[in-house]
Amino acid sequence: MGLGKVYGGLAAVDGVSFTVRRGEVFALVGPNGAGKSTTLKMLATILTATSGAARVFGLDLRDDAEAVRRRISYLPEEAGAYRNLAGDDYLRFMADISLDDAGAREEAFAFGSRLSGLGERLRERIKTYSKGMTRKLLLARTVMNRPGLAILDEPTSGLDVLNAFEIRRAVRALAAEGMTFLVSSHNMLEVEFISDRVAIMNRGRILACDTPSALKEAHRARNLEDVFVELAR
Amino acid sequence: MRKFLVLVRKEVRELLSPQFLVPIILVILLFMVMGKVLARQNMGSTATETIAVLDLDRGAVSAGGLERLREAQYQVEAAAGADAAEALRSAERGRATALVVIPPGLEDSAKAQKPHELQIYRIFRGLDVRSLVSATMGQRAIRLLADSIGTAAARRRFPGADPAFIKHPITLREHVVVNGKTEPASIAEISGFLQSQTKFVPVVIFMVIALASQMVALTVASEKENKTLEILLSSPVPRRTVVAAKIAGSGLVAMCFTGAYMIGLQVFLNSIVAQGPAQYSETALRGALVRLGLILSPGGHALIGLSVLCGILCALAIALILGILADDVKAVQAANAPLFVTVLFSYLMTVFVDPAGASAGFRWMLYAIPFTHAFLAPQNALMGRHAAVWLGIAYQAAVFAAFVALASRLFVGETVFTARLRRSAPPRD
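Reading the values: the criteria
- Residues numbered from 1 in each chain as written.
- Chains lettered and ligands numbered in written order.
- Predicted model: local features only at pLDDT ≥ 70, side-chain atom pairs only at ≥ 80, totals over all residues.
- Heavy atoms only, no water.
- Pairing = 2+ DSSP bridges.
- Helix = DSSP H or I, 4+ residues; strand = E, 2+ residues; numbered from the N terminus.
- Buried < 20%, exposed > 50% of the residue type's maximum accessible area, 1.4 Å probe, protein only.
- Right-handed = clockwise from strand over helix to strand, strands pointing away.
- Contact = heavy atoms within 4.5 Å.
- Buried area = accessible area lost by both parts, 1.4 Å probe.
- Salt bridge = Lys/Arg side-chain N within 4 Å of Asp/Glu carboxyl O.
- Nonpolar A, V, L, I, M, F, W, Y, C, P; charged D, E, K, R; others polar.
- Axes fitted to C-alpha atoms, helices over the stretch in contact; angles between N-to-C directions.
- Patch = residues over 30% accessible without salt bridge, like charges linked within 9 Å, V, L, I, M, F, W, Y side chains within 5 Å.
- Areas by Shrake-Rupley, 256 points an atom, 1.4 Å probe, with all protein chains shown as cover.
- Core = buried A, V, L, I, M, F, W, Y, C linked by side-chain atoms within 4.5 Å.
- Phe/Tyr/Trp six-rings, centres within 6.5 Å; stacked < 30°, edge-to-face > 60°.
- Lys NZ or Arg CZ within 6 Å of the ring centre and 35° of its normal.
- Parallel < 35°, antiparallel > 145°, perpendicular 65-115°, else oblique.
- Left-handed = near helix turned anticlockwise from the far one by under 90°.

Turning our attention to the pairing of strand β2 (residues 75-78) of chain B. As judged from the four bridges shared by strand β1 (residues 50-55) of chain B and β2 of chain B, these two strands associate in the parallel manner. Residue pairing for β2 of chain B: Ala52 of chain B is matched across the bridge by Glu77 of chain B.

See the structure below:
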């Protein structure tokens, strides 16, 4: 509630409040610099809020950061992976540090390997992967241990149409199985397709929050882009 | 513990990449090749030393002297020319490294017991190691020649007496005293041995500390740049474990490189040390060193190793913090510069300055640098000052613990992501 982050006198996030329901895909949408990534980083325990508070599965971000990390999984925007590791070694490494139970680690690895869709290429070093392959590997890593909340920052940024489509489809499929997603995107048309509810952000604040259809109806707009233009005026 | 080991293994695998390994292997190979080349040059310099001689006396004394040079494996060639200037021009055109001019009257001077003059012209054709070594060898040839002439003069003046006694009535018997133990031994040889021991190890320490610190700073900066650090630190693994694993992984790799460097540098140094003929046999020198307590026991080696390890760990912990300040991989060198300069300063000061003889302020400043104790460990251990080594290790351990605590603090909070070396606009999105 009222989450805020100030960098050197500049309010990157200014009193943001929203709730994500279990099993839904909740999207933060807005232009570059709106404060989406900073909000996600605070919820992923990477950054500390300078004001307000947030709870993830009832756990306070500031006081129970380690417990929060056991329930979430975070994919930063344009993240890379360890280039000298093979794809399967990377998935195994992340499973090893994320899960304590050996059986759960094996299960997560098998699920991640399948979800990545990289097949035999998993045995090759990550530095030989294309951007799309790396992103699919990272998405598989993010969800393979079936986190309570998967936080995806611009999951399809910089990807071609087909790779972006595959990632969106994977997110929808996992959400249908009950996984909760908090995603950010500046691509409002993508968000309309992928999310159950949307918070439109600009200059560190949430301008509106509802389902895409409700937002469009309320602003008599054809799409979320029109809604944003209407709200940002 | 399991997660720690998983993280250490990842660090090691990331570090053992071609971009890290190739320069290191090249440096080691370079040491070895340089050593072999120098060894070959040294062998060549003793075998082919050519001395040009213009003997204007042509008497029995000068002939005896030149014969002595030939016996000592020098190539003696007669210089073409009627005077010194002509002979020098001829020698310069040839292979000779020195010209000896024996003016007329040497025979008469020896008979009349008057000092006579020999003219020596040393021809430098370059300033490479071989030329400089040759100059030393040439000096030895001149001493041999002068000694031979002296023997001839002594025989004429004191027939029947031992010329060696006439020339050197006093025999110098050198002794070396270390920590109350006295041993008859060559001062120059003991000194040479100690220098090789106390100068060799610090070179390796310096290189390893510089390399290891660069490594860890690079891994942190690279993880920040690729955002793998954000993924790692949002995972359910204690952040202090991440810090410990980074230091342990880099430390392990650095230790492997230390061994490799030591082998390479040992080959290099062996080839340089094996230049001149020893006054005493190697066995006698070793015996003297053992009795003087100057041969390190396995415990002494372990003590030096521990001090070096602590020095490396201090550098790793500091470099970890400096790596946090670097925005990206390109900025690592700038971020790491203060550490590199400090290590270099400590290394040079311990090589050229005796801290015990320095002013109190300078001495304590030097001791405050944790790497100084690693550089001083070999000489302290050789001199039996084990307490000083242990004190140094204790200080290094305290510095290491302080910097690890600071690094952990930075990792636990958000500073690891927000700290920057340059003042730049904060991330907005």
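From this point, the discussion proceeds with the structure in view.
With that settled, the discussion passes to the pairing of strand β7 (residues 149-153) of chain A. Residue and element names in this part refer to chain A. Of all five residues that make up β7, five are buried, and the element is covered over most of its length. Alternating residues of β7 divide into Leu149, Ile151 and Asp153 and Ala150 and Leu152, and every residue in both groups is buried. Bridge analysis of strand β6 (residues 72-75) against β7 gives four bridges, and the strand direction is parallel. Bridging across to β7, Ser73 finds its partner in Ala150. The sheet contact formed by β7 and strand β8 (residues 180-185) spans five bridges and is parallel. Paired with Ala150 across the two strands is Phe181, which belongs to β8. One crossover worth recording links β7 to the parallel β8 by way of helix α6 (residues 161-176), and it is right-handed.

To continue, consider the interface of chain A and chain B. By convention, interface size is frequently given as the accessible area that disappears when the constituent parts associate. Taken together, the contacts link 47 residues of chain A with 30 residues of chain B. When chain A packs against chain B, the two sides together hide about 3,400 Å² of surface, and 53% of this comes from carbon and sulfur. Remark: the boundary between chain A and chain B carries five salt bridges. Among the ionic pairs, Lys3 of chain B bridges to Asp100 of chain A, the shortest N-O distance being 3.6 Å. Put simply, the parts of the chain that give the side of chain A that touches chain B at least two residues each are β1 (3-7), β2 (10-16), α1 (36-43), α2 (65-71), α3 (87-98) and α5 (131-143) of chain A. When residues in the side of chain A that touches chain B are grouped by element, the largest group, seven residues, is from α3 of chain A. Along the lines of polarity and charge, the residues of the side of chain A that touches chain B split into 21 nonpolar, eleven polar and 15 charged.

What follows is about the side chain of Gln396 of chain B. Residues and elements named next belong to chain B. Mapped onto the elements, Gln396 comes out in helix α16 (residues 386-412). Since its relative accessible area comes to 0%, Gln396 is described here as buried. Leave out the neighbours within four places in its chain, and Gln396 touches Ser307, Cys310, Gly311, Cys314, Pro370, His373 and Ala374.

Residues and elements named next belong to chain B. Sheet architecture is open: four strands sit in the order β2-β1-β3-β4, paired in mixed fashion. In this open sheet, the two strands that pair with only one neighbour each are β2 and β4 (119-122). Pairwise comparison of adjacent strand axes, ignoring direction, gives a mean angle of 25° for this sheet. Sheet topology note: the β1/strand β3 (residues 98-102) ladder contains five bridges and is parallel. Bridged to Asp55 within β3 is Ile102. Helix α4 (residues 84-93) contacts β1, β3 and β4 of the sheet and is inclined by roughly 155° relative to β3.

Residue and element names in this part refer to chain B. Together, Phe340, Val341, Leu344, Leu348 and Phe352 make up a nonpolar patch on the protein surface, roughly 470 Å² of accessible area in all. Looking at the secondary structure, you find Phe352 in helix α13 (residues 332-352). Classification of Phe352 as exposed rests on a relative accessible area of 67%.

Take the nonpolar core next. Of all hydrophobic cores here, the largest spans 149 residues; its most connected members are Tyr90, Ile151 and Phe181 of chain A together with Phe371 and Phe411 of chain B. The element best represented in this core is helix α12 (residues 298-325) of chain B, accounting for 14 residues. Aside from chain neighbours lying at most four places away, what touches Phe371 of chain B is Ile209, Gly311, Cys314, Ala315, Ile318, Leu339, Thr342, Val343 and Ser346 of chain B. Core analysis: the next-biggest nonpolar cluster, separate from the first, contains 18 residues, Val76, Ile102, Ala141 and Ala152 of chain B among them.

Right, let's get into the packing of aromatic side chains. Geometry of an aromatic ring pair is reported as the spacing of the ring centres plus the angle between the planes. Enumeration according to the criterion identifies eight aromatic pairs over all chains in this entry. Ring centres of Phe18 of chain A and Phe26 of chain A lie 5.0 Å apart, and the angle between their planes is 10°; on these two criteria the pair is classed as stacked. Judged by its relative accessible area of 0%, Phe26 of chain A is buried. An aromatic cluster is defined as three or more aromatic residues linked by ring pairs; in this entry it consists of Phe206, Phe340, Tyr347 and Phe375 of chain B. Cation over ring: Arg92 of chain A sits above Phe109 of chain A, and NZ or CZ is 3.9 Å from the ring centre.

To continue, consider the sheet that holds strand β10 (residues 205-210) of chain A. In any sheet, the strands associate via hydrogen bonds between backbone groups, in a parallel or an antiparallel arrangement. All names here are of chain A. Read across the open sheet, the six strands follow the order β6-β7-β8-β3-β9-β10; overall the sheet is mixed. The open sheet is flanked by β6 and β10, the only strands paired with a single partner. Taking each pair of neighbouring strands and ignoring which way they run, the sheet shows an average axis angle of 15°. Strands β9 (197-202) and β10 of the sheet are contacted by helix α9 (residues 224-232), whose axis makes an angle of about 40° with β9.

This brings us to the packing of α13 of chain B against helix α14 (residues 360-368) of chain B. All names here are of chain B. For the pair α13 and α14, interaxial distance at closest approach is 10 Å and the crossing angle is 125°. With respect to α14, the axis of α13 lies oblique. Note on packing geometry: the crossing formed by α13 with α14 is left-handed. Mapping the contact onto sequence places Phe345, Ser346 and Met349 in α13 and Phe362, Met365 and Leu366 in α14. Here the contact of α13 with α14 is composed, by residue class, of five nonpolar, one polar and no charged.

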